[in-house]
Amino acid sequence: MNHPVSRIARRLPLALAAGFAATMSVAVDAAELRAWNIHPEGYPNTVALEMFAEEVAEKTDGEITVQLFNGGVLGSQPDAIEQVRLGALDVGQFNLGPMGTSVPATNAVSLPFIFKSIPQMYRAMDGEIGDLIGEGMAEKGIVALAWYDSGARSFYNSERPINTPADVEGLKIRVMNNDLFVGMIEAMGGNATPMAFAEVLQSLQTGVVDGAENNPPSYESTSHYEAAKYYSLSEHLIIPECVCMSKRSWDALSAEQQDIVKTAARNSAESQRELWSARQEESMAKVKAAGVEVNTVEDKAPFQAAMAPVYEQFLAANPDMVELVEKMQAAE
Ligand code: GTR
């Protein structure tokens, strides 16, 4: 019988294809990895993912291909994280912020002001701290292949510049899906609304929220700057992102294929970090030219002090994270 297993398998997520091949007792010799990405074409992360896809296809002689779905067309980030965990999606380029609900270890990087700078974040993520967080992710079904840069997140809103925590009081601020971020806004007297990324623009335009927070490239690429003209550089969150693979899909690869995929992801991360710095500058220039009022928060100490209850609550509820958080705080 001419049974085109590899052609059928090609159309399934790799994890399912592997299961299918196992029942048929035939090895999967070709697979297409479906990859979720929230960003549009031309965004640094998208360009870097294209490089990842190209390298994987080239080094496996087309055995493994990566099909990119950009712009979040496969669903919201919290949903996509679950799908990657289950193996319904093979790859996801995720921010670690919304991952905390299913992968507690990632919450360490979502604590406000936990990293002192972007270079410090790189060193931590490329070293022991990144390994520890990666282990926590693997336990929950996600393999962290490489870490992408996401800069620092700052507040923007349609009401006023933010210079002190008191300026946040009374503002309705959209946050990513994670109770930690709700606590962060409430600690300053604001009202937090967790919401999917795709819904933020309309919510800003209609006044459902007064503001949100993000890095310059996302503030710009989403056109949020057109609806919220005060951008206050508080840099309260430095949350890295990952090229993540479903553990199920990963386990279906041979050791050689795993090596190729991981190396390609790491190479793409190097490119992403370079593209990122260039885009940050371009985005800042673009929003300023469009009339956005940008202010630098000169004194971050009151914001950091306001976060004390967020840390206290988090550490009380997660005693197993105390050691990791202390390591991160002590990191150079
Ligand atoms: C971006 C990030 C996205 C998404 C988004 C958000 O900076 O790259 O993955 O998390 O922020 O605010 O939801």
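In this text, all values refer to a predicted model and were calculated from it rather than measured experimentally. (Residues numbered from 1 in each chain as written. Predicted model: local features only at pLDDT ≥ 70, side-chain atom pairs only at ≥ 80, totals over all residues. Heavy atoms only, no water.)

Enquirer: Before we go on, may I ask you to explain the environment of Cys 242 in this structure?
Expert: Mapped onto the elements, Cys 242 comes out in strand β10 (residues 241–246). With 98 residues separating them in the primary sequence, Cys 242 and Ala 144 have C-alpha atoms 6.1 Å apart. Beyond its immediate chain neighbours, meaning those up to four positions away, Cys 242 contacts Gly 92, Gln 93, Phe 94, Leu 96, Met 99, Met 137, Ala 146, Trp 147 and Tyr 148. (Helix = DSSP H or I, 4+ residues; strand = E, 2+ residues; numbered from the N terminus. Contact = heavy atoms within 4.5 Å.)

Enquirer: Please clarify how the packing of aromatic side chains should be interpreted in this entry.
Expert: Aromatic rings in a pair are described by how distant their centres are and how their planes are angled relative to each other. If you walk through the whole model with that rule in mind, you get six aromatic pairs. Measuring from centroid to centroid gives 5.9 Å for Tyr 156 and Tyr 231, while their planes differ by 65 degrees, and the two rings are edge-to-face. Residue Tyr 156 is located in strand β5 (residues 153–157), and its partner Tyr 231 is located in strand β9 (residues 230–237); the two are separated by 75 residues in the primary sequence. Like Tyr 231, Tyr 156 is buried. Aromatic ring contacts, followed pair by pair, group Tyr 156, Tyr 219, Tyr 225 and Tyr 231 into a single cluster. (Phe/Tyr/Trp six-rings, centres within 6.5 Å; stacked < 30°, edge-to-face > 60°. Buried < 20%, exposed > 50% of the residue type's maximum accessible area, 1.4 Å probe, protein only.)

Enquirer: Is there a simple way to explain the side chain of Asn 70 in this structure?
Expert: Summarising the element assignment, Asn 70 is placed in the loop between β2 (64–69) and α4 (77–86). Of the polar contacts made by the side chain of Asn 70, one reaches the side chain of Asn 37; its length is 2.9 Å. If sequence neighbours within four positions are ignored, Asn 70 has contacts with Asn 37, His 39, Glu 41 and Thr 46. (Polar contact = N/O pair within 3.5 Å; in protein donor to acceptor, adjacent residues only side chain to side chain.)

Enquirer: Honestly, the pairing of β2 in this entry has me stumped. Any pointers?
Expert: Put simply, side chains in a regular strand alternate between the two faces of the sheet. Relative to β2, strand β1 (residues 31–36) runs parallel, the two being bridged by six bridges. Its bridge partner lying in β2, Ala 31 is registered against Ile 64. Assessed by its sense of winding, the connection that carries the chain from β1 through helix α3 (residues 44–59) to β2 is right-handed. (Pairing = 2+ DSSP bridges. Right-handed = clockwise from strand over helix to strand, strands pointing away.)

Enquirer: I'm lost on the nonpolar core in this one. Help?
Expert: If you look at the biggest cluster of nonpolar residues, it comprises 58 residues, and the most contacted ones within it are Phe 94, Leu 96, Met 99, Phe 115, Ile 133, Met 137 and Met 188. When residues of this core are assigned to their parent elements, the largest contribution, five residues, is made by helix α7 (residues 179–186). Viewed by domain, this core spans two of them, domain 1 (4–149 + 239–280) and domain 2 (153–238 + 294–330), each represented by three or more residues. Dropping the residues within four chain positions of it, Phe 115 is found in contact with Val 109, Gln 120, Met 121, Ala 124, Met 125, Ile 238, Pro 240 and Met 328. (Core = buried A, V, L, I, M, F, W, Y, C linked by side-chain atoms within 4.5 Å. Domains from an automatic or database assignment.)

Enquirer: Help me understand the site of the ligand, please; the structure alone is not making it clear to me.
Expert: Taken together, the neighbourhood of the ligand is formed by 13 residues, with His 39, Arg 153, Arg 174, Asn 214 and Glu 241 sitting nearest. In the environment of the ligand, an oxygen atom lies 2.9 Å from a nitrogen or oxygen atom belonging to the side chain of Gln 77. The side chain of Ser 218 places a nitrogen or oxygen atom 3.3 Å from an oxygen atom of the ligand. When the ligand sits alone it has 320 Å² of accessible area, and the protein chains cover 98% of it. Residue composition of the shell around the ligand, grouped by class: three nonpolar, seven polar and three charged. Viewed by domain, the shell around the ligand spans two of them, domain 1 (4–149 + 239–280) and domain 2 (153–238 + 294–330), each represented by three or more residues. (Near = heavy atom within 4 Å. Areas by Shrake-Rupley, 256 points an atom, 1.4 Å probe, with all protein chains shown as cover. Nonpolar A, V, L, I, M, F, W, Y, C, P; charged D, E, K, R; others polar.)

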